Amino acid sequence: MAFRTRLLVTFLLAVLLPMIVLALFIRDEMTDRLTAQYERRVESLLTVIEDDLSEESAVIAGSLAGLRRAVANDNRFREAAVDRDPERRRYLLDYAANAMQLTGLSMLQIQDDAGRIISSGHFRNEYDRLEPELPRLLLSLPERAALTRARAPDASFLALARADSVHMGGRRFTIIAGVTVERHFLARLAREAQLTITLIYPGGTLTSAGDGSDTADQLRQSGVNLPRDLDATAAIERELNVPFIDLQRGEVSSASFRVNHHLTELEALRRSIDRWFVVAVGASGVLVVVLVGWLASRISRPLVELADKTSRIDLDRLDIDFDTRRKDEIGVLSRLLGAMTERLRTSALLIKDAERRATLGELARQVNHDIKNGLTPIRNVFRHLIQLAGNDPTQLSDVLQERQSTLDSSISYLENLASNYARLSPRSERRPCDVNEIVRQVVMDVQGLGQVRFHTNLCEGSVVVGDPIALRRIIENLFDNAIDSLDSRPGSVTITTGRVAEGADRPQVRMTVADTGSGMTKDQVAKVFDDFYTTKENGTGLGLSIVRRLVMDLDGSIRVESEPGQGSRFVIDLPSGASA
Amino acid sequence: MRLSVLLAAIGAVALVAMAACGKRSLMKPASLFTPRCEILPAPAHSADSITVAMPDVVELGRVPWAGNASERLLFRHLYETLITVDCLDQVCAGLAVSWKRGEGGRRWTFELREGALFWDGTSVTAGDVVTSWQDAMTLHTVIDSVGVAGGRRVHVYLKQPHDEVPRALSASVFAVTKAADDSGWLVGSGPYRIVSPNSYRMGKRTITVRSALGGRRVIIRFMETSLVDARDLLERGIDVMVTSDPSVIEYSSGRPQFVTVELPWDRTYVLLSTSRMRALAGGGTVGTISSHVLDGVAQNAVRGDARGHVPPSWWEEVSRCLDLSAPAGRSAVPMADHASSDRIVYDVKDPIARDLAERVVALGATDPVSAEAAAITLAIPGLARDSAAVIAEGVTTAELARSLRDGNAFAYIVVVPTRPPDPCYEAHELIKRAPWLASHGVDFAHTLVPLVDARSHVIAKRGRFGLMSDGYGSAIVVDGLFAGR
């Protein structure tokens with residue numbers, strides 16, 4: 001893991017972990033406190049609802065008392081109800097409806113002692129219906145209202161009702177009055193959108209949120225900004241029981257007001273905290289990344305600079321400056337690197353000195369080798385002449401004349417060699433050279449050595465641009481190598497020249513020197529052009545390496561094909577100097 | 001002794017009445033304008049202008065076929081039929097002054113009034129009668145065809161022989177008219193003609209008519225007065241008003257300047273029940289409701305002038321009608337017993353229909369505790385259910401028409417004429433509205449459950465004009481010119 005990454009992770013953990021722990025703590029603390037507060041509110045609301053219902057019951061009781069007096073004093077009512085005067089029947093039927101409108105009640109019915117409805121306010125045409133259970137059960141609950149199902153022509157509805165009775169003509173008439181208990185009634189009891197009251201009674205339920213919209217919708221309507229996917233089901237619940245007149249069973253059973261304090265807003269608050277927490281964490285993360293980036297950059301820059309300086313250290317370049325004024329660990333490291341570079345510089349000078357001395361030795365061997373190459377033909381000519389002088393002196397003049405050119409060219413070679421060395425910087429001459437001519441001269445020089453037969457297959461026009469001395473040195477070295485591979489055994493050396501154009505931008509002159517010598521292994525082939533590599537007892541290991549260097553100087557290439565016992569074949573390609 | 005004298009007197013009056021009007025193969029029926037149907041006697045000098053309140057909208061496209069009480073009131077003044085029916089349900093002369101039975105009652109020959117003129121001054125001829133009846137002949141009436149028997153003589157052929165002159169000819173669809181004039185209204189031969197079909201008075205659309213021919217030019221303004229408290233209208237110069245509102249009637253009764261008179265029972269509230277139809281189609285028996293029970297309903301449940309339906313009912317006389325079947329593909333009894341079939345549907349604008357629907361719901365809610373409840377639950381199978389079953393639902397007129405057509409409610413409170421001119425035509429019209437009433441194998445006479453008859457009251461300002469009632473629950477303003485016909 002990179003230094004910067006490590007630094008980043010460490011900083012992120014150090015900053016974000018405490019934040020997360022703090023946020024979780026705040027959420028839990030807030031939830032606990034608000035839930036406890038809501039529970040207290042629900043408990044309070046239950047008391048308030050109980051008071052409201054009592055108050056509602058008292059209002060109904062007050063209306064009933066007034067109606068009782070009005071009925072008792074109404075002679076038309078008495079005539080219709082007690083005397084059953086058919087002419088007053090309509091007055092009786094419409095009495096409850098009119099009285100209901102005047103008192104603001106939403107349920108009013110008057111029943112005779114048999115339980116027959118004689119006037120009904122909310123359902124005027126319900127007259128004569130026999131319903132004795134309702135007055136009986138309501139009167140069995142003195143000083144208290146009860147829920148019951150009432151009927152209207154177009155629906156049934158829940159009512160909170162009380163009963164009172166009035167005696168006329170020796171008969172008892174029951175007045176039942178009530179108010180509708182519907183969604184708005186419950187909503188009025190609930191007071192707040194977060195509080196939902198559900199009335200559960202035998203045969204049904206009624207809720208203050210009965211219009212299909214849930215608590216979340218109501219809160220939104222009241223201006224609270226809530227997320228769309230909020231879970232509006234969580235709630236705190238408490239119940240309050242009230243009597244319910246079950247007319248189907250003819251008994252007083254129980255209904256319950258279930259108060260739900262929805263935790264919607266709490267949930268919304270949690271969501272809000274979560275959202276802002278995520279925003280805070282994100283912002284902190286970005287800040288930490290920027291800060292750590294800057295800090296890491298500030299911390300690692302000297303190290304990077306040291307690494308850069310260190311990467312530039314080379315034996316040829318030991319002048320890197322590690323000097324610094326820093327007093328910290330980076331400064332110590334920098335000074336250590338500077339001291340190390342200084343020691344390297346000293347060592348490099350020693351190595352260069354050794355190299356120079358080694359190079360002089362190599363140069364001496366090169367000079368020795370080149371001079372030997374130049375002297376060998378001269379020595380051969382002189383040996384020939386000495387043999388002739390002893391065996392047939394008459395031929396001496398002819399042979400001398402014949403071999404004079406060999407002597408001249410060898411002397412000329414030595415003179416040029418001397419000139420090149422004299423210049424120390426052997427800048428080779430560049431001019432068109434006929435490779436075939438040089439080959440013939442060298443073959444002529446080495447002709448007659450041992451049992452070696454030289455074959456030439458020269459193609460006219462094999463001209464290259466280069467230094468003829470270098471070419472001669474290439475060919476002489478290859479011939480020496482071929483002759484040495486024969487180990488004084490009879491054999492042949494074949495020289496071929498020709499023009500090729502394969503794979504080159506311009507025509508090439510190819511020269512091939514093949515021998516029938518001992519050949520080389522693959523390892524030997526791989527090292528044959530290395531400096532100082534030789535398989536000969538007295539070899540310098542420089543001949544073929546010089547050949548390769550000279551070929552390279554002429555922008556050419558050299559390769560060797562050889563197998564043990566099968567001889568070797570050196571192929572040299574040089575750029576053609578002939579005009580196209 | 002005194003009783004025999006009284007009976008003799010009554011018999012004499014009856015003989016006189018029969019001699020004056022109605023049945024005789026009589027050629028010369030009496031005029032409609034007799035004191036018997038007089039609401040207000042015509043003063044010596046009628047007012048020059050009279051304002052009549054119309055609670056309904058008058059549509060030009062329906063002229064002269066009256067579709068509501070307001071159109072009936074207006075068209076009665078503009079157009080004439082060959083015969084009319086007076087407030088005592090007697091046939092009287094209209095555009096025809098005499099008629100003759102022929103071909104065993106299959107053909108009736110009518111003689112048009114001599115000097116009868118359209119508003120444009122042209123004479124009313126037999127050819128005009130034939131021309132103006134072209135559309136009416138496409139309806140399912142008792143009339144088979146009509147032909148010209150002379151300049152003022154018309155042959156009317158019936159689908160079946162009639163001993164009496166067919167009252168169907170008094171229906172507004174058989175009014176005699178000519179092509180429309182510049183006002184867009186068909187030209188009639190009635191005593192009044194259109195002067196201004198779309199003027200506005202007191203912010204209300206008003207159709208102004210005036211005397212059609214010569215004499216004093218009395219102007220009558222028929223003002224559409226829907227959505228206005230009728231009691232306020234009486235204080236704002238309305239001279240004539242037809243209403244069923246008991247509060248208005250009570251109000252006007254206490255105002256000495258107005259006279260309030262009942263019009264004939266003109267409409268009957270019936271209950272059409274899909275459950276009853278299913279029972280009838282299944283061969284089951286259904287009950288009927290006695291007049292005594294219906295009287296109780298009318299007296300106690302209905303807040304308005306109503307009585308228990310009084311037979312005979314016209315729908316019991318339609319067995320002789322031809323082609324009494326539903327439109328193709330619409331006759332099946334509604335079988336679906338889905339949720340909406342728990343409704344008793346009524347026109348929300350009709351308070352009497354609402355009272356009846358609520359009473360039926362109340363009686364069906366619990367076990368029968370009275371003869372009234374027992375009778376109704378026997379007449380309407382399935383009405384007696386548990387407490388939360390059938391409800392009453394007031395709907396708009398259009399919604400009522402749709403629901404009635406589909407038969408998707410438990411029952412309907414529907415208004416039909418009490419004494420329609422042509423029961424066959426009325427039965428066809430009802431079947432058009434509720435095709436499921438014409439199910440195969442079900443006697444149409446049993447499909448309707450009559451509840452109550454209702455009538456309106458006419459409220460008129462005293463001393464300004466004469467006023468008469470006709471046999472269809474409408475009123476006619478009488479001035480000297482009209483009464484002189």
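Residue positions are given per chain, counted from 1 along the sequence in the order it is written. Labels are handed out in written order, letters beginning with A for the chains and numbers beginning with 1 for the ligands. Restriction of local features to residues with pLDDT of at least 70 applies here, the model being predicted, together with a cutoff of 80 or more for giving and counting side-chain atom pairs; totals for whole chains, interfaces and linings are based on all residues. Heavy atoms throughout the structure, all of them, feed into the side-chain values; hydrogens and water do not.

(A) Structural view of the sheet that holds strand β11 (residues 452-457) of chain A. All names here are of chain A. The mixed open sheet is built from five strands, whose spatial order is β11-β13-β14-β16-β15. In this open sheet, the two strands that pair with only one neighbour each are β11 and β15 (557-562). For this sheet the average axis-to-axis angle between neighbouring strands, irrespective of direction, equals 15 degrees. Across six bridges, the pairing between β11 and strand β13 (residues 491-500) is parallel. Within β13, the position partnered with Arg 453 by the bridge is Ser 492. DSSP-based pairing: two strands are paired if at least 2 bridges between them are found. In DSSP terms, a helix is any run of H or I states spanning at least four residues, a strand is any run of E spanning at least two, and both are numbered starting from the N terminus. Fitted lines through C-alpha atoms give the axes, limited to the stretch in contact for helices. The angle between two N-to-C directions lies from 0 to 180 degrees.

(B) View of the nonpolar core. Residues and elements named next belong to chain B. Within the largest apolar cluster, 92 residues are counted, with the highest numbers of intra-cluster contacts made by Leu 74, Phe 110, Trp 185, Leu 272, Phe 444 and Leu 467. The greatest single-element share of this core, amounting to five residues, is contributed by helix α11 (residues 423-433). In what follows, a contact means two residues having at least one pair of non-hydrogen atoms within 4.5 Å. In this structure Leu 467 touches Cys 37, Glu 38, Ile 39, Leu 40, Val 240, Val 458, Ala 460, Ala 475, Ile 476, Val 477 and Val 478, once residues within four positions along its chain are discounted. Here the nonpolar core consists of buried residues drawn from Ala, Val, Leu, Ile, Met, Phe, Trp, Tyr and Cys, with membership extended through side-chain atoms lying within 4.5 Å. Only protein chains enter the accessibility calculation, which uses a 1.4 Å probe; a residue is then buried when its area is under 20% of its type maximum, exposed when over 50%, and partly exposed in between.

(C) View of the confidence of the model for chain A. The score called pLDDT rates the predictor's confidence residue by residue, from a low of 0 to a high of 100. For chain A, per-residue confidence averages 83 on the pLDDT scale, and residues scoring 70 or more make up 92% of the total. Taking the mean pLDDT of every element in chain A, the minimum, 55, falls on helix α6 (residues 215-221) of chain A and the maximum, 94, on strand β1 (residues 107-111) of chain A.

(D) Examining unusual backbone geometry more closely. Following B:Val63, the chain continues into B:Pro64 via a peptide bond in cis, with omega recorded as 0 degrees. With respect to the helices and strands, B:Pro64 occurs in the loop between β2 (49-54) and α2 (69-78). Cis geometry marks the peptide bond from B:Pro311 to B:Pro312; its omega dihedral reads 5 degrees. Mapped onto the elements, B:Pro312 comes out in the loop between β15 (306-308) and β16 (343-347). We note that A:Arg84 has phi near 55 degrees; this positive angle belongs to a residue other than glycine. Structurally, A:Arg84 can be placed in the loop between α2 (75-81) and α3 (89-103). Accessibility expressed as a relative area gives 57% for A:Arg84, which makes it exposed. Its identity is not glycine, yet A:Asp128 carries a phi of approximately 75 degrees, on the positive side.

(E) Here's a closer look at the packing of helix α10 (residues 435-446) of chain A against helix α11 (residues 468-485) of chain A. All names here are of chain A. Running from amino to carboxyl end, α10 crosses α11 at an angle of 45 degrees, the nearest separation of the two axes being 10 Å. What the angle tells us is that α10 and α11 run oblique. Pair α10 / α11 crosses with right-handed handedness. Judged by residue contacts, Ile 438, Val 439, Gln 441, Val 442, Val 443, Asp 445 and Val 446 of α10 engage Pro 468, Leu 471, Arg 472, Ile 475, Glu 476 and Phe 479 from α11. Each residue gets one of three labels, nonpolar for Ala, Val, Leu, Ile, Met, Phe, Trp, Tyr, Cys and Pro, charged for Asp, Glu, Lys and Arg, and polar for the others, Gly among them. Each residue belonging to the contact of α10 with α11 can be placed in one class, and the counts come to nine nonpolar, one polar and three charged. The cut-offs work like this: below 35 degrees is roughly parallel, past 145 is roughly antiparallel, 65 to 115 is roughly perpendicular, and the gaps in between are oblique. Rotating anticlockwise by less than a right angle from the far helix to the near helix defines a left-handed crossing, while the corresponding clockwise rotation defines a right-handed one.

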